[in-house]
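# Residue-level structural notes
Okay, here's what each chain looks like letter by letter:
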Amino acid sequence: MTGPDESVTFGLTVDGVAHEVTARWSESLLTVLRDRLGVRGPKTGCAHGRCGACAVRADLGDGAHVLCSCLVPAATAAGATVETVASIGSPDGELSDVQEAFLAEGAVQCGICTAGFVTAATELLEQNTDPSRAEIEAALYGNLCRCTGYGRIVAAVETAARTRREATR
Ligand code: FES
Ligand code: FES
């Protein structure tokens, strides 16, 4: 029987790069990303699925969606495709419309929550480029911010949505 401290070696793709890692069964995907692969976009906040700082977009075999990487057991990520906030801008460092809007609207202070918010907001705008305020708040419900009071963050998502709509006119 496999115990939590037993190690497993598996492959996964992170931000387009294939990796093979060895991790304990009890480790989280967040720990694999940050501590074993040096992928620092997802942040460690609560480590218990309550703050969204660790959010990534991942396909664990059931389609890609945003999830808390701190809640995903490492071994569950075998064969996964993971996109962190690093996949959201362009490879040459150009910011996405959502990232630009967060800066323009002053939605970033200490920054520990920002990757999670940008990841969740980007996912929302992929599905709906004209979200209502209630839909934005619902999409960001799993993300906590101690600094901004949320108003600037919601404004940033509204700005990014408007930019995206205007770009496709
Ligand atoms: S660190 Fe994962 S939800 Fe808080
Ligand atoms: S900017 Fe500090 S927690 Fe959100």
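I will try to describe carefully the structure that is included in this document. Because the structure is a prediction, the values reported are computed rather than measured. (Residues numbered from 1 in each chain as written. Chains lettered and ligands numbered in written order. Predicted model: local features only at pLDDT ≥ 70, side-chain atom pairs only at ≥ 80, totals over all residues. Heavy atoms only, no water.)

Let's shift gears to the layout of surface pockets. Volume-wise, the largest pocket comes out at about 220 Å³. Taken together, Gly45, Cys46, Arg50, Cys51, Ala53, Cys110, Ile112, Cys113, Leu144, Cys145, Arg146 and Cys147 form the lining of the largest pocket. Residue assignment places the lining of the largest pocket across two domains, with domain 1 (7–86) and domain 2 (97–167) each supplying three or more. In this model, the second largest pocket occupies a volume close to 160 Å³. Taken together, 13 residues form the lining of the second largest pocket, with Val85, Leu95, Gln99, Thr114 and Val118 sitting closest to its centre. Secondary structure elements with two or more residues in the lining of the second largest pocket: α2 (97–104) and α3 (114–127). Per-element tally for the lining of the second largest pocket: the top contributor is α2, with three residues. (1 Å grid on protein atoms, 1.4 Å probe; cavity = no way out; pocket = protein on both sides within 12 Å on 5 of 7 lines; lining within 4 Å. Points joined across faces, edges and corners; volume = space filled by probe spheres on them. Domains from an automatic or database assignment. Helix = DSSP H or I, 4+ residues; strand = E, 2+ residues; numbered from the N terminus.)

Okay, the sheet that holds strand β4 (residues 64–68) next. With mixed pairing, the five strands of this open sheet are ordered in space as β2-β1-β5-β3-β4. The two strands at the open ends of the sheet, each matched to only one other strand, are β2 (17–24) and β4. The average angle at which neighbouring strand axes cross in this sheet is 40 degrees, direction not considered. Sitting on the sheet, helix α1 (residues 29–36) touches β1 (7–14), β2, β3 (55–59) and β5 (81–83), and the angle it makes with β2 is about 110 degrees. (Pairing = 2+ DSSP bridges. Axes fitted to C-alpha atoms, helices over the stretch in contact; angles between N-to-C directions. Contact = heavy atoms within 4.5 Å.)

Time to look at the packing of α2 against α3. Viewed as axis vectors pointing N to C, α2 and α3 meet at an angle of 125 degrees, and their least axial separation amounts to 9 Å. By the criterion of interaxial angle, the relationship of α2 to α3 is oblique. Remark: the crossing between α2 and α3 carries right-handed chirality. When α2 is examined against α3, the residues Val98, Gln99 and Phe102 are found in contact with a partner set consisting of Thr114, Phe117, Val118, Ala121, Thr122 and Leu125. When the residues that make up the contact of α2 with α3 are grouped by side-chain class, the tally is six nonpolar, three polar and no charged. (Parallel < 35°, antiparallel > 145°, perpendicular 65-115°, else oblique. Left-handed = near helix turned anticlockwise from the far one by under 90°. Nonpolar A, V, L, I, M, F, W, Y, C, P; charged D, E, K, R; others polar.)

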